[in-house]
Amino acid sequence: MTAQNHDGDTAILIVAAGRGLRAGGGIPKQYQKLAGKPVLTHAIDRFAAALPGAPIQIVIHPDDIRLFEDARQASLHGDNLLPPVFGGSTRQASVNTGLKVINQIILNIKFVLIHDVVRILLSKTLIQDGLAHAREFGAAVPALAVADSLRRNTADGFSEPVERSGLLAVQTPQCFSFDLICEAHERTVKAGLTDFSDDASLIEWSGIRVKTFPGEAANFKLTTPEDFVTAEALLFASLADIRTGYGYDVHAFCPGDHLWLGGVKTPHSRGLDGHSDADVGLHALTDAILGAIADGDIGMHFPPSDAQWRGAPSRIFLQEAVRRVRALGGMIAHLDLTIVCEEPKVGPHREAIRASIAEIAGLDLNRVAVKATTSEKLGFTGRREGIAANALATVRLPLQSPEV
Ligand code: MG
């Protein structure tokens with residue numbers, strides 16, 4: 001890859017190479033979904049909102065390439081991401097690898113914010129404060145005063161108090177002059193020191209003093225299953241503007257040997273007539289989502305008069321509606337589709353259609369419902385002239401601004 005200049009002078013380095021299975025869920029904790037989005041995606045979106053356009057380097061475990069790709073696609077800011085690099089055997093080695101790759105790819109980086117992926121509830125202000133402190137002092141970390149009384153265990157099986165005044169609990173992002181932290185990493189490698197617990201201690205060892213700035217209680221590290229419950233509750237609480245949208249669509253049968261239902265190509269003795277692929281289910285869902293965010297309808301965003309949508313796969317309509325929800329900082333809580341027809345029989349395809357809609361919309365399967373009914377031989381669907389679809393979308397939006 002050739003080195004490139006970049007508009008800004010700051011890079012983000014997110015360390016996500018850990019195996020952390022302790023939180024449960026069967027996959028590394030940085031890829032578990034919270035409020036519909038992987039943990040890593042939350043971290044990416046927070047930094048992208050605070051420092052728009054800043055390149056983001058993620059250090060991952062080699063086994064996690066597919067999980068990483070899913071997390072990248074779930075972000076609106078995937079374009080900010082540099083290709084992922086693989087971590088080393090320690091956190092320190094992972095950070096050093098990430099720094100070296102940033103240095104190779106981007107020419108004009110002067111500051112770097114190094115962040116643990118499992119802190120996802122940090123504010124824009126915290127991130128911007130960190131950068132401001134790095135600019136002024138060269139090395140700065142967010143820290144909170146310790147609130148609990150502290151004790152340490154003693155060799156005889158009892159414990160003794162530890163004076164807590166002046167003690168601070170350190171968080172991330174740890175924010176540095178890029179050259180200073182790169183040099184410090186090189187010096188520790190040469191000295192054979194490989195196990196610094198964080199970059200603040202590492203840069204301090206190399207003689208640079210570290211400034212602190214106020215951390216945030218919400219910027220806690222996701223460690224236990226209870227932490228995930230707390231974090232998700234906080235995320236849902238921030239998405240408290242709950243909207244419902246309705247969509248309806250009809251397409252008439254025409255000669256053909258298949259039709260599209262919810263993104264699934266379904267063999268049938270007739271097709272459906274329409275400008276695009278005439279996927280009546282995806283059209284109703286798209287309008288339901290657009291309705292929930294009061295953003296026009298499918299015909300406004302994809303006019304039938306526009307030749308580029310002729311024969312278009314309707315998944316792009318649904319994906320655009322989903323993108324518009326995400327751009328508002330929101331999430332889709334639920335999609336509910338009812339298909340009305342005498343033929344074809346929807347039942348055998350129902351689960352495939354559910355899975356297809358979930359995949360297209362980037363949702364867990366349990367947030368997608370597909371139902372089917374006839375109209376008891378009444379009306380145009382009863383006369384087998386076409387298929388109708390009704391859809392409801394439930395969307396959660398942030399209470400205030402469209403920021404993350
Ligand atoms: Mg339509």
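Here the structure is a predicted model, which means the values were calculated and not measured.

Chemist: It is not clear to me how the pairing of strand β18 (residues 368-373) should be interpreted in this structure. Could you clarify?
Modeler: Side-chain positions along a regular strand alternate between the two faces of the sheet. In this sheet, β18 lies alongside strand β17 (residues 331-340) in parallel orientation, the contact comprising six bridges. Bridging from a neighbouring strand, D336 pairs with A369 of β18. Chirality of the crossover, the property in question, places the unit of β17, helix α11 (residues 350-361) and β18 among those that are right-handed.

Chemist: Looking at this structure, how should I read the pattern of salt bridges?
Modeler: Proximity of charged atoms lets side chains of opposite charge pair with each other. By the definition in use, this model includes 19 salt bridges. Between D364 and K33 there is a salt bridge; the shortest N-O distance is 3.1 Å. On the criterion of sequence distance, the pair formed by D364 in the loop between α11 and β18 and K33 in strand β2 (residues 33-34) is long-range, its members being 331 residues apart. With a shortest N-O distance of 3.1 Å, E351 and R354 are connected by a salt bridge. A residue pair is termed a helical-turn pair when its members lie 3 or 4 positions apart in one helix, as E351 and R354 do in helix α11 at three residues. E351 gets classed as partly exposed once you look at its relative accessible area, which sits at 44%. Residues joined in a network through salt bridges with shared partners are D295, E320, R323 and R324.

Chemist: Looking at this structure, I do not really get unusual backbone geometry. What am I missing?
Modeler: Most of the time, phi is negative for any residue but glycine, and the peptide bond is trans. Omega for the peptide link from T172 to P173 comes to 10°, which places this bond in the cis form. Tracing the chain through its elements places P173 in the loop between β10 (168-170) and β11 (174-177). Residue P344 is bonded to the preceding E343 through a cis peptide linkage, with omega at -10°. Looking at the secondary structure, you find P344 in the loop between β17 and α11.

Chemist: Help me understand the sheet that holds strand β16 (residues 270-272), please; the structure alone is not making it clear to me.
Modeler: Pairing between the strands of a sheet is mediated by backbone hydrogen bonds and can be parallel or antiparallel. On the basis of which strands lie adjacent, the open sheet formed by five strands has the order β16-β13-β19-β17-β18 and mixed pairing. The open sheet is flanked by β16 and β18, the only strands paired with a single partner. The sheet shows a mean angle of 20° between the axes of neighbouring strands, direction not considered. Of the pairings in the sheet, the one linking strand β13 (residues 241-255) to β16 comprises three bridges and is antiparallel in character. By the bridge assignment, F253 is partnered in β16 with L272. Those strands touched by α11 are β17 and β18, and its axis lies near 140° from that of β18.

Chemist: Hey, could you run me through the coordination of the magnesium ion in this one?
Modeler: Geometry reference: four tetrahedral donors at a metal, ideal angle 109.5 degrees. Six octahedral donors, ideal angles 90 or 180 degrees. Only D249 (OD), H251 (NE2) and H283 (ND1) from the protein coordinate the magnesium ion, and they sit 2.2 to 2.3 Å from it. Taken in sequence order, the residues that donate to the magnesium ion follow the motif D-x1-H-x31-H. Of this pair, D249 sits in strand β13 while H283 is found in helix α8 (residues 280-292), placing the two residues 34 residues apart along the sequence. Among the residues examined, D249 registers a relative accessible area of 16% and is labelled buried.

Chemist: Sorry, what's going on with the domain arrangement of the protein here?
Modeler: Where interface size is quoted, it is often the accessible area lost as the parts come together. On domain assignment, one finds that the protein holds domain 1 (10-228) and domain 2 (241-397). Computed from C-alpha coordinates alone, the two centres of domain 1 and domain 2 are separated by 42 Å. In this assembly, six residues from domain 1 lie in contact with seven residues from domain 2. Summed over both partners, the interface of domain 1 with domain 2 buries about 480 Å², with 55% contributed by carbon and sulfur atoms. Among the residues of domain 1 in contact with domain 2, K33, A35 and L76 are the three that bury the most area, contributing 71% of the side total. At the junction of domain 1 with domain 2, the criterion picks out one salt bridge.

Procedures and definitions
- Residues numbered from 1 in each chain as written.
- Predicted model: local features only at pLDDT ≥ 70, side-chain atom pairs only at ≥ 80, totals over all residues.
- Heavy atoms only, no water.
- Pairing = 2+ DSSP bridges.
- Helix = DSSP H or I, 4+ residues; strand = E, 2+ residues; numbered from the N terminus.
- Right-handed = clockwise from strand over helix to strand, strands pointing away.
- Salt bridge = Lys/Arg side-chain N within 4 Å of Asp/Glu carboxyl O.
- Buried < 20%, exposed > 50% of the residue type's maximum accessible area, 1.4 Å probe, protein only.
- Axes fitted to C-alpha atoms, helices over the stretch in contact; angles between N-to-C directions.
- Contact = heavy atoms within 4.5 Å.
- Donors = N, O, S within 2.8 Å, 3.2 Å for Na, K, Ca; no water.
- Domains from an automatic or database assignment.
- Buried area = accessible area lost by both parts, 1.4 Å probe.

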